[in-house]
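Observations on chain architecture
What follows is each chain in one-letter form.
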Amino acid sequence: MILVARVGSEQAGMRLDDGVKALFPQLSKGEIRRIIDWGGCNISETLVRVASRTLKEGDEVALGIMGAERCIDLVYSREELLYEDKDFLAVYKAVGVNSQRTPYQLKGTVEYAVECYMRSIGLKDPSRVVHRLDRGTSGVMFFPKHKQAATLISNLLRDGKVEKTYWALVSGSPDQQSWKVDAPIAKMSKFRYGVAVNGRPAKTVFNVLGEGGGVTAIEAKPLTGRTHQIRVHLAHSGFPIIGDESYGGIPAPRMMLHCRSMRFKGAKGKVIEAVAPVDKEFAEAAPVGVLDQRES
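Residues numbered from 1 in each chain as written. Predicted model: local features only at pLDDT ≥ 70, side-chain atom pairs only at ≥ 80, totals over all residues. Heavy atoms only, no water.

The next subject is the overall build of the protein. A count of helices and strands for the protein gives seven helices and 15 strands. Overall size of the protein, expressed as C-alpha extent along the three principal axes, is 70 × 45 × 40 Å. When burial is assessed residue by residue, the protein has 47% of its 296 residues classed as buried. In the protein, the proportion of contacts linking residues at least 24 apart, taken out of those at least 6 apart, comes to 63%. Of the roughly 14,600 Å² of accessible surface on the protein, a fraction of 50% belongs to carbon and sulfur atoms. (Helix = DSSP H or I, 4+ residues; strand = E, 2+ residues; numbered from the N terminus. Buried < 20%, exposed > 50% of the residue type's maximum accessible area, 1.4 Å probe, protein only. Contact = heavy atoms within 4.5 Å. Areas by Shrake-Rupley, 256 points an atom, 1.4 Å probe, with all protein chains shown as cover.)

Set out below in structure tokens:
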């Protein structure tokens, strides 16, 4: 939810937190300070994180209200990284966490946490988001540590030279062990995509890992990088992902889509790869023993 108000003569000259309290009396002072600290306050379309900032008459104040469950103080330590060298690092993105900052959230995003880690080891470059995972998807995210590395991985992603492997859980039993979907994808509405003749080319290869209890574990390898590609192509195949209600999946505690690994070659031909374990909810929903064999 976004609240917007304009500063009048009564609030002009006030501290930001006091002025916001006057503009939005339904919010507590604690909530207001949390919103400001987490990057949820914009003044005239500029992010402001200083509660003592002085308001001016005519300022437009916009607040992004997030539920407390979204305020996860995400921190990465060196021991928690999936991969690190002088050029790149890879982290595990959990379900429910945004890959990058939004107009109303800075803290609690992977982008911000990675930048904090980079500052902690003495790097001055910003964290550059070169690829994203949906908020409901878990798994590997790579970040370049400097501009040259960012250019390299961006070009590799553009040219389809980064091998990405996803695991998904679906209901039912496919009648093929493996298949390929070559169907263009277009934006259908603000938050939804679908197969459409006038869409952008999209290709995904699917393989069945195993099944049991009415659930099938599938390995997906996207050969292109369209938004919601695996979700759309599985739904198009008649097997929407469990928990992905937007595309017809049955309800579940989470969307059962996980970026298992990413692999590419660095500037000198070095193979760079990161692999992410699945979380407890994904593991418990999977067919018994199927992922255990793959994890070992």
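Okay, the side chain of N42 next. Locating N42 in the fold gives a position in strand β2 (residues 41-43). Classification of N42 as buried rests on a relative accessible area of 10%. Reaching out from N42, the side chain makes a polar contact with the backbone nitrogen of L47 at a distance of 3.2 Å. With residues up to four places along the chain from it excluded, the contact list for N42 reads L47, E60, V61, A62, P103 and Y104. (Polar contact = N/O pair within 3.5 Å; in protein donor to acceptor, adjacent residues only side chain to side chain.)

With that settled, the discussion passes to helix α4 (residues 147-158). End to end, α4 covers 16 Å across 12 residues, agreeing with the expected 16 Å (1.5 Å per residue, within 8%). Turning to α4, its buried residues number three or more, namely A149, A150, I153, L156 and L157. Looking down the long axis of α4, one finds its buried residues gathered within 135° of arc, a one-sided arrangement. Away from the buried face of α4 by more than 90 degrees, exposed residues K147, Q148 and R158 are located. Structurally, α4 contributes buried residues whose contacts are with β6 (88-93), β7 (138-144), β8 (163-171) and β14 (257-265). Positive phi appears at G160, one or two residues downstream of α4, with a value of about 70°. (Expected span 1.5 Å × (residues − 1). Arc of directions from axis to C-beta.)

Looking now at the packing of aromatic side chains. Evaluated as defined, the whole model comprises four aromatic pairs. Consider the rings of F88 and F264, whose centres lie 5.2 Å apart with planes at 80°: the pair is edge-to-face. Taken together, the residues span a long stretch of sequence, with F88 in strand β6 and F264 in strand β14 at a distance of 176 residues. When sorted by exposure, F88 lands in the same class as F264, which is buried. Of the aromatic side chains, those joined through ring pairs into one cluster are Y83, F88, F142 and F264. (Phe/Tyr/Trp six-rings, centres within 6.5 Å; stacked < 30°, edge-to-face > 60°.)

Here the focus is the sheet that holds strand β1 (residues 2-6). The strand order across the open sheet built from four strands is β1-β4-β2-β3, with neighbouring strands paired in antiparallel fashion. Of all strands in the sheet, those with a lone pairing partner are β1 and β3 (46-47), marking the two edges. (Pairing = 2+ DSSP bridges.)

Counting through the fold element by element, I43 comes out in strand β2. Judged by relative accessible area, which is 3%, I43 ranks as buried. Sequence separation between I43 and V4 is 39 residues; the distance between their C-alpha atoms is 9.8 Å. Residue contacts for I43: discarding those within four places in its chain leaves L16, V48, R53, L55, D59 and E60.

What follows is about the nonpolar core. Counting residues in hydrophobic clusters, the biggest one holds 59 residues, and the most contacted among them are V91, V110, F142, L234 and L291. Counting residues in each nonpolar core, the second largest holds 17 residues, with A5, F24, I36 and I43 among its members. (Core = buried A, V, L, I, M, F, W, Y, C linked by side-chain atoms within 4.5 Å.)

It is worth spelling out helix α3 (residues 110-120) at this point. By the burial criterion, the buried members of α3 are V110, E111, A113, V114, E115, Y117 and M118. Packed against the buried residues of α3 are β5 (83-84), β6 and β7. Phi for G122, located one or two positions after α3, is positive at around 90°.

On their own, these measurements won't tell you what the molecule is for.
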